[in-house]
Amino acid sequence: MFHIEFMQRALNLAKKGLGHVSPNPAVGCVIVKQGRIIGEGYHQYFGGPHAEINAIQNATEPVAGNDVYVTLEPCSHYGKTPPCVDRLIQEQVKRVFIAIKDPNPEINGRGIRKLIQAGIEVSVGHMEAEAEELNRFFIHFISTGRPYVILKAAITLDGFIADSTGNSKWISNSASRSEVHLLRSQVDAVLIGAGTVRTDNPKLNVRMVKGRNPQKIVLSNSGNLSPKSNVFTDRTILVTAPDALTDEKKMKFQGIGVQLLEDSGPVLTPLLKSFATMGLTSLLVEGGAGIFGAFTEQRLVDEFLIYVAPVILGDGIPLFRMRGRTMAEAIRLSGQDTRICLREL
């Protein structure tokens, strides 16, 4: 019972780091003495002290001889900070309870072995499903070398994302938009296509909740977009076909801080790999139908987050714009590799 209580507290602490620690994982840690928490901490920002170090520094009593609960295997290598296992060994903790091993090849069991070799008792696998869910972006990023992709859309009951004129305001409601803004604050980047820029002129920032704004990515083969559009700031990446932009247009975008990236598409995997090299571990794809179709056809969506409204249009812009298929050719999604989350509005 104590294991669940203390690991749950560590998981709750770890959640506070979401959106701030990427491309590192979100980690929480508590130190327990005779059933009492005497120290706790979490990884607060990328490059900052890890959860274990913060918990030790926040401890109100000596940690020697006591138990440590941590949501991810303590690191055993030098990165932005020294190895956490070395500090735990130095502090002479008695036992370390770990939710999941770190999938990072630089660690992946090394931290556990080092603790055991130092005479510290280690137990792994406490609330592991919850810990894996918390860090699904990081785990996917490490195992595939590309960002975790969430496709988010609001649709009518008959499957349209906008009416025939392109107007989609508002299929969703304020509660769902607040939820999406929270998700924006937790992912590394939000991606849309040129059509969404022209039709909606979105800002793609976080306004309805407290949190940091994500990186913004716009896919436009032609680059025929106005630099004055709301989406273009110093946190925007504009992806175009090679040589699509004139030198004058490049200067206009670069003058407001937009990062320019050329991609020869239509295969999206190399582009996602490029995003990964930038440290982007998660990507929220918000529109439109052509972008949704491309990501889905290429089996690059890891999670569908679909808000379904009790609205019927009869005609409009469908959720996916892609080539038609027979029932035998239909794209069939498997729960083993794709999460499907439906929200009723």
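Just above, that's the structure.
Residues numbered from 1 in each chain as written. Predicted model: local features only at pLDDT ≥ 70, side-chain atom pairs only at ≥ 80, totals over all residues. Heavy atoms only, no water.

Right, let's get into the sheet that holds strand β15 (residues 339-344). The strand order across the open sheet formed by 8 strands is β11-β10-β9-β8-β12-β6-β13-β15, and the pairing between neighbours is parallel. Strands at the two margins of the open sheet, each flanked by one partner only, are β11 (259-262) and β15. With strand direction ignored, the average angle separating the axes of adjacent strands in the sheet is 20°. When strand β10 (residues 236-240) meets β11, the two strands line up parallel, connected through 4 bridges. Looking at β11, one finds that T240 is bridged to E262. Its contacts with the sheet place helix α6 (residues 136-144) against β6 (148-155), β12 (282-287), β13 (303-308) and β15, and it is angled at close to 130° to β6. (Pairing = 2+ DSSP bridges. Helix = DSSP H or I, 4+ residues; strand = E, 2+ residues; numbered from the N terminus. Axes fitted to C-alpha atoms, helices over the stretch in contact; angles between N-to-C directions. Contact = heavy atoms within 4.5 Å.)

Counting through the fold element by element, E303 comes out in strand β13. By relative accessible area, which is 4% here, E303 ends up buried. Polar contacts involving the side chain of E303 include one to the side chain of R136, which spans 3.1 Å. Non-local contacts of E303, meaning those with residues more than four positions away in its chain, are made with R136, Y148, V149, I150, L151, T338, R339 and C341. (Buried < 20%, exposed > 50% of the residue type's maximum accessible area, 1.4 Å probe, protein only. Polar contact = N/O pair within 3.5 Å; in protein donor to acceptor, adjacent residues only side chain to side chain.)

By secondary structure assignment, the location of P83 is in the loop between β3 (67-72) and α3 (84-91). Residue classification places P83 among the buried positions, given a relative accessible area of 4%. With 28 residues separating them in the primary sequence, P83 and G111 have C-alpha atoms 8.7 Å apart. Apart from the residues within four sequence positions on either side, P83 is in contact with C75, S76, H77 and Y78.

Right, let's talk about the pattern of salt bridges for a bit. Counted by the stated rule, this structure contains 17 salt bridges. We note a salt bridge from R325 to E297, for which the minimum N-O separation is 3.2 Å. You can see R325 sitting in the loop between β14 (317-318) and β15 and its partner E297 sitting in helix α11 (residues 289-297), a full 28 residues away along the chain. A relative accessible area of 31% places E297 in the partly exposed class. When the shortest N-O distance is used, the salt bridge between E303 and R339 registers 3.3 Å. On the criterion of sequence distance, the pair formed by E303 in strand β13 and R339 in strand β15 is long-range, its members being 36 residues apart. (Salt bridge = Lys/Arg side-chain N within 4 Å of Asp/Glu carboxyl O.)

Across the chain, the bulk of peptide bonds are trans and the bulk of non-glycine residues have phi less than zero. Going from S22 to P23, the amide bond is cis rather than trans, its omega being 10°. The omega angle of the peptide bond from K169 to W170 is -5°, so this bond is cis rather than trans. In this structure, Q92 is a non-glycine residue whose phi angle is positive, near 60°. Of note, Q92 is situated in the loop between α3 and β4 (95-100). In this structure, N201 is a non-glycine residue whose phi angle is positive, near 45°. Along the polypeptide, N201 turns up in the loop between α8 (194-200) and β9 (215-219). A relative accessible area of 32% means that N201 is categorised as partly exposed.

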